Amino acid sequence: MDKTTKIIISIILIALGVACRILPHLGNFAPIAAIAIFAGFYLGRSYAVFLPIAAMALGDLFIGFYSLPLMLVVYGSYVITGLVASLIKKHKNVEVVMAASIFASVLFFIATNFAVW
């Protein structure tokens, strides 16, 4: 995939991530982890780190920032998700994608709940 295509896909994913955060949606449902996983599998490690952070930061400009320690945990969980996806991208199949999705959800749940406690 050439660099121009990666940049176009990145812009689209960030725009979708921001839109899904600021438009009315189900509680605690936003595709940021999916963006991190997709970027890790198909775009590369730097995109897997940058895209979820960019979508979160731009979304937070609209919906408001919150406590810095908690924000670092939330953003960090997405960075870890993207990094893990980029490490396992050579093993892409349905089972690996499902496992990465479950891992991302469990990581986010555990990390953010411990951060609040």
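Reference entry: report on the structure contained in this document. Because the structure is a prediction, the values reported are computed rather than measured.

## Overview of the pattern of salt bridges
Link 1 in the chain: Using the criterion set out here, one finds 1 salt bridge in the structure.
Link 2 in the chain: The closest approach of N and O atoms between Arg-21 and Asp-60, which form a salt bridge, is 2.9 Å. Within this pair, whereas Arg-21 is found in helix α1 (residues 3-22), its partner Asp-60 is found in helix α3 (residues 45-63), the two being separated by 39 residues in sequence.
Link 3 in the chain: Owing to a relative accessible area of 0%, Asp-60 belongs among the buried residues under this scheme.

## Observations concerning the nonpolar core
Link 1 in the chain: Of all hydrophobic cores here, the largest spans 14 residues; its most connected members are Ile-32, Ile-37, Phe-41, Met-56, Val-74, Tyr-75 and Tyr-78.
Link 2 in the chain: Mapped by element, the contributors of at least two residues to this core are α2 (32-42), α3, α4 (68-87) and α5 (94-116).
Link 3 in the chain: At 5 residues, the largest contribution of residues to this core is made by α4.
Link 4 in the chain: Contact partners of Ile-32, with chain neighbours within four places excluded, come to Gly-17, Arg-21, Pro-52, Ala-55, Met-56 and Tyr-78.
Link 5 in the chain: If you look at the next biggest cluster of nonpolar residues, it comprises 10 residues, including Leu-13, Ile-35, Ala-39 and Tyr-47.

## Some remarks on a nonpolar patch on the surface
Link 1 in the chain: Taken together, the side chains of Ile-22, Leu-23, Leu-58, Leu-61, Phe-62, Ile-63 and Phe-65 define a hydrophobic patch exposed on the protein surface, amounting to about 720 Å² of accessible area.
Link 2 in the chain: Considering every element that reaches the nonpolar patch, the biggest residue donor is α3, with 4 residues.
Link 3 in the chain: By secondary structure assignment, the location of Phe-62 is in helix α3.

## Thoughts on a positive patch on the surface
Link 1 in the chain: Taken together, the side chains of Arg-45, Lys-89, Lys-90 and Lys-92 make up a positively charged region of the molecular surface.
Link 2 in the chain: Its place among the elements puts Lys-92 in the loop between α4 and α5.

## Examining the layout of surface pockets
Rolled over the atoms, a probe with the dimensions of a water molecule shows which regions are left empty.
Link 1 in the chain: Empty space within the largest pocket amounts to approximately 620 Å³.
Link 2 in the chain: In terms of lining, the largest pocket is formed by 22 residues, of which the most central are Asn-28, Phe-29, Ala-30, Tyr-78 and Phe-108.
Link 3 in the chain: Sorting the residues of the lining of the largest pocket by element identifies α2, α3, α4 and α5 as the ones contributing at least two each.
Link 4 in the chain: With 6 residues, α5 is the largest single contributor of residues to the lining of the largest pocket.
Link 5 in the chain: Grouping the constituent residues of the lining of the largest pocket by class yields 16 nonpolar, 5 polar and 1 charged.

Conventions used here
Residues numbered from 1 in each chain as written. Predicted model: local features only at pLDDT ≥ 70, side-chain atom pairs only at ≥ 80, totals over all residues. Heavy atoms only, no water. Salt bridge = Lys/Arg side-chain N within 4 Å of Asp/Glu carboxyl O. Helix = DSSP H or I, 4+ residues; strand = E, 2+ residues; numbered from the N terminus. Buried < 20%, exposed > 50% of the residue type's maximum accessible area, 1.4 Å probe, protein only. Core = buried A, V, L, I, M, F, W, Y, C linked by side-chain atoms within 4.5 Å. Contact = heavy atoms within 4.5 Å. Patch = residues over 30% accessible without salt bridge, like charges linked within 9 Å, V, L, I, M, F, W, Y side chains within 5 Å. Areas by Shrake-Rupley, 256 points an atom, 1.4 Å probe, with all protein chains shown as cover. Lys, Arg positive; Asp, Glu negative; His and termini not counted. Charge placed at Lys NZ, Arg CZ, Asp CG, Glu CD. 1 Å grid on protein atoms, 1.4 Å probe; cavity = no way out; pocket = protein on both sides within 12 Å on 5 of 7 lines; lining within 4 Å. Points joined across faces, edges and corners; volume = space filled by probe spheres on them. Nonpolar A, V, L, I, M, F, W, Y, C, P; charged D, E, K, R; others polar.

None of this, on its own, says anything about what the molecule does.
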